[in-house]
Amino acid sequence: MELIDGNQIASTIIAELKAEVAAITGRKPCIALVRVGDDPASVSYVRKKEKTAAEIGIESRIILPPVDIPHADLEKVIDELNADDTVDGILVQSPMPKQIDELLIFRRISPAKDVDGLGTMNLGKVAQDDDTGFVSCTPAGIMALLARSNVDLKGKHVVVIGRSLLVGKPVALLALQKKAGANGTVTVCHSGTADLPAITRQADVLIAAIGRPNFVTRDMVKPGVVVIDVGINRVEDAAKKSGYRLTGDVDFAGVAELAGKITPVPGGVGPMTVAMLMSNTVKAHRQRSAA
Ligand code: NAP
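Please explain the site of the ligand as it appears in this structure.
Taken together, 21 residues are adjacent to the ligand, and Arg163, Ser164, Ser191, Ile232 and Thr273 come closest. Contact between the ligand and Arg163: an oxygen atom at 2.8 Å from a side-chain N or O atom of the residue. For the ligand, an oxygen atom lies 2.5 Å from a polar atom in the side chain of Ser164. Protein chains bury 71% of the 920 Å² of accessible surface belonging to the ligand in isolation. Sort the elements by how many residues they give to the shell around the ligand and helix α10 (residues 269-290) lands first, with three residues. Its residues placed into classes, the shell around the ligand shows nine nonpolar, ten polar and two charged.

Here it is, written out as structure tokens:
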């Protein structure tokens, strides 16, 4: 079994981006990070994004609207960032408070600055195999992990568990694209799927994006399978100072005994998500500079 080391692959991508940004003469790339309220997970995610941006040489602008900001006012924040020529990328951290319709906010971001790739235009470009758009960061990170681990999907049965807009659906479309590294035969499973284990046992590559700790067990996979565990779940652990530990959607100990390659949690897909956000920001700067 080979461990797919997301920390190491993300570090390599970050080093490549750092070199690219260092070579930019003139204004450096800039990302606006909008966090509404103080959700503890969001605070730590935005901090990590800010830190990684600084490491690469990307400017970050942190915008912290109050938790009770009306929807229309948050739209105004987005409009101002859309109009600001010194901002290349805009990310609004999810989850947002109840009064905010996330999908409308994602759609409000100018497609040229939608580095989170969750707006209609950029999701549509994934369906059209159009590389000029921004692929949302977690699916892009999964594809980069596979490519840099020499896993070619051509001729492989790729089984995705989960059909969210954030992960399952876009990663299934990416695996299906008619291009080098992709070209997979893709099955997407969800809570309405009958006899899920019978399908997952056919997978050459299994991507689990469910949000249930240790859901995929050893009896659900075949020997040699490549497993990408997207799940980040908090489970109680009295031995930890925080009172919890992070675990994936895959029962790592059992499945790793059979797998050809597998990502750990933490240290698999997680670090890749931040690296791909930075990659998209540098791409946005490149495209806007060329326009
Ligand atoms: P989500 O929006 O809750 O979607 C979960 C998907 O799993 C849904 O499509 C759901 O089916 C399916 N599902 C739930 N129970 C199932 C079951 N018993 N059998 C088959 N399918 C089932 O979650 P998400 O945003 O995609 O995130 C999934 C996990 O990835 C979470 O743990 C999240 O924290 C993690 N995540 C990690 C990163 C990262 O950077 N590593 C980024 C994003 C998300 P239905 O559609 O039928 O309800």
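Moving on, there is more to tell.
What's the story with the layout of surface pockets in this structure? I'm lost.
Here the second largest pocket is characterised by a volume of approximately 500 Å³. Along its surface, the second largest pocket is lined by 23 residues, and Asp131, Val135, Met143, Leu174 and Lys179 are the ones closest to its centre. No other element matches the five residues that helix α6 (residues 137-148) contributes to the lining of the second largest pocket. Looking at the lining of the second largest pocket residue by residue, the class counts come to 13 nonpolar, five polar and five charged.

Looking at this structure, I do not really get the side chain of Thr138. What am I missing?
As for its position among the elements, Thr138 is in helix α6. Looking at Thr138, its side chain comes within polar contact range of the side chain of Thr273, at 3.1 Å. Ignoring sequence-local partners within four residues, the contact set of Thr138 consists of Val167, Val230, Val269 and Thr273.

Would you take a moment to explain helix α3 (residues 71-83) for this structure?
Note on helix geometry: an α-helix contains 3.6 residues per turn, so any two residues three or four positions apart are oriented the same way. When the terminal C-alpha atoms of α3 are compared, their 19 Å separation across 13 residues agrees well with the 18 Å that a helix rising 1.5 Å per residue should span. Looking only at α3, the buried set comprises His71, Leu74, Glu75, Val77, Ile78 and Leu81. Taken end-on, α3 shows its buried residues confined to a sector of 155 degrees, consistent with a single buried face. Turned more than 90 degrees off the buried face of α3, the exposed positions are Lys76, Glu80 and Ala83.

Rules behind the numbers
Residues numbered from 1 in each chain as written. Predicted model: local features only at pLDDT ≥ 70, side-chain atom pairs only at ≥ 80, totals over all residues. Heavy atoms only, no water. Near = heavy atom within 4 Å. Polar contact = N/O pair within 3.5 Å; in protein donor to acceptor, adjacent residues only side chain to side chain. Areas by Shrake-Rupley, 256 points an atom, 1.4 Å probe, with all protein chains shown as cover. Helix = DSSP H or I, 4+ residues; strand = E, 2+ residues; numbered from the N terminus. Nonpolar A, V, L, I, M, F, W, Y, C, P; charged D, E, K, R; others polar. 1 Å grid on protein atoms, 1.4 Å probe; cavity = no way out; pocket = protein on both sides within 12 Å on 5 of 7 lines; lining within 4 Å. Points joined across faces, edges and corners; volume = space filled by probe spheres on them. Contact = heavy atoms within 4.5 Å. Expected span 1.5 Å × (residues − 1). Buried < 20%, exposed > 50% of the residue type's maximum accessible area, 1.4 Å probe, protein only. Arc of directions from axis to C-beta.

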